[in-house]
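Chain and residue survey
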Amino acid sequence: MPKVRNTAIAPEISTQPLGISPGALARRVFRKRLYEWCPALAYWGRKLGTPVFAVLPLSVPKRTHQVCKDLGATILVYGTDLMEARRKACAIRANTKLTYINGYDHPHAIAAAGTIGIEILEQLPETQAILVPIGGGSLLAGIAAAVKNINPEVLVYGIESNKCPSFTKALEKNTPCVTTLELNIATSLNVPIAGCNALHTANGVVDDVVRIQDDWIIKAMSHLIDKEKIIVEGAAAITLAALMALPKSLKGLQEKR
């Protein structure tokens, strides 16, 4: 078990890697997810000619709803948070022939995340450490599993908000458990329960999990605006926040690349 610290060209379309039969893919794909995942599925659903139905909680920005609608997805807004939306999704799924995809725990979503780790090592073979934001855990699990398989010496750290420590809690209990969320700046990472597949994939290949305070995330966002002229959301800045919090947050990284 890893330690936990508190502080323009479309690719070729292929359905084969999805592990879904043509018949199943021809059915409507059902999706419950936040922010970037839902628009991504809506985009590929349109490309593949597969209608997408998404259940989104009220906490998801209306711009995300509109992007999904513009891409052809059917949107149902339900519940105040991800757990309520998920329960509604499962209820709908039980009475339909829709194919359900969990963006933060489906094995294929985890495998897809692993390709990011492969690309990092291919493009930056001298990499010694990789920091990964944590929401439900699929991104961390996929990257860690792929990277450790290629080069076990590379350190992989998971970074999550200290106000949404669902992955930390899951590691402590060795099972996903519902975690109470507090208002925070990294809203895209607000997943109240870690994925079961993600948890057990990540366990044993992640070197450390670090929790970051909002103050550091805000500092990281300000730095990116001021110095790099980049505007990002809190979830995108959380790994930089962990680096800025050195050496308190990541004591083993001072000499790493």
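Note that the structure is predicted; figures quoted are calculated from it, not measured. (Residues numbered from 1 in each chain as written. Predicted model: local features only at pLDDT ≥ 70, side-chain atom pairs only at ≥ 80, totals over all residues. Heavy atoms only, no water.)

Description of the overall build of the protein
On a plain count of helices and strands, the protein comes out with ten helices and eight strands. Burial statistics for the protein: of 257 residues in total, 47% are counted as buried. (Helix = DSSP H or I, 4+ residues; strand = E, 2+ residues; numbered from the N terminus. Buried < 20%, exposed > 50% of the residue type's maximum accessible area, 1.4 Å probe, protein only.)

Some thoughts on the pairing of strand S4 (residues 74-77)
With four bridges connecting them, strand S3 (residues 52-56) and S4 associate as parallel partners. Pairing of phenylalanine 53 across the sheet is with threonine 74, part of S4. You can see the chain leave S3, run along helix H3 (residues 62-70) and come back into S4, and the turn it takes is right-handed. (Pairing = 2+ DSSP bridges. Right-handed = clockwise from strand over helix to strand, strands pointing away.)

So, the pattern of salt bridges
In total, this model carries three salt bridges according to the counting rule given. The shortest N-O distance in the salt bridge between aspartate 207 and lysine 148 comes to 2.7 Å. Of the two residues, aspartate 207 is situated in the loop between helix H8 (196-202) and strand S8 (208-212) and lysine 148 in helix H6 (residues 138-150); the sequence distance between them amounts to 59 residues. On the basis of relative accessibility, which here comes to 15%, the residue lysine 148 falls in the buried class. Measuring nitrogen to oxygen at the nearest pair gives 3.8 Å for the salt bridge that ties aspartate 226 to lysine 227. (Salt bridge = Lys/Arg side-chain N within 4 Å of Asp/Glu carboxyl O.)

Some words on unusual backbone geometry
In this structure, asparagine 174 takes a positive phi of about 60° despite not being glycine. Here the phi dihedral of lysine 229 falls at roughly 60°; this positive angle occurs in a residue that is not glycine.

Quick notes on H3
Taken as a whole, H3 has its buried residues at Thr64, His65 and Cys68. Along H3, the residues classed as buried sweep out an arc of 105° about the axis, all on the same side. H3 presents Lys62, Arg63 and Asp70 as exposed residues on the side facing more than 90 degrees away from its buried surface. Once H3 ends, the next one or two residues include glycine 72, with phi positive near 100°. (Arc of directions from axis to C-beta.)

Overview of the confidence of the model for the protein
Per-residue pLDDT for the protein averages 84, and the proportion of residues at 70 or more is 83%. Here residues 7-18 scores under 50 on pLDDT; set against residues more than four positions off or in separate chains, the count is 19 contacts. Low pLDDT (under 50) marks residues 21-28, which in the prediction has 14 contacts with non-local residues, meaning those over four places away or in another chain. (pLDDT = per-residue confidence, 0-100. Contact = heavy atoms within 4.5 Å.)

Details of helix H4 (residues 82-94)
Taking 1.5 Å of rise per residue, the 13 residues of H4 would be expected to cover 18 Å, and the 18 Å separating its terminal C-alpha atoms lies within 8% of that figure. Of all the positions in H4, only Leu82, Met83, Ala85, Ala89 and Ile92 are classed as buried. (Expected span 1.5 Å × (residues − 1).)

A few points about the packing of helix H9 (residues 214-228) against helix H10 (residues 234-244)
Interaxial distance between H9 and H10 falls to 7 Å at its minimum, and their mutual angle equals 100°. Judged by the angle between their axes, H9 and H10 are roughly perpendicular. Residues Trp216, Ile217, Lys219, Ala220, Met221, His223 and Leu224 of H9 lie in contact with H10, whose contacting residues are Gly234, Ala237, Ile238, Leu240, Ala241 and Met244. Here the residues of the contact of H9 with H10 are counted per class, giving ten nonpolar, two polar and one charged. (Axes fitted to C-alpha atoms, helices over the stretch in contact; angles between N-to-C directions. Parallel < 35°, antiparallel > 145°, perpendicular 65-115°, else oblique. Nonpolar A, V, L, I, M, F, W, Y, C, P; charged D, E, K, R; others polar.)

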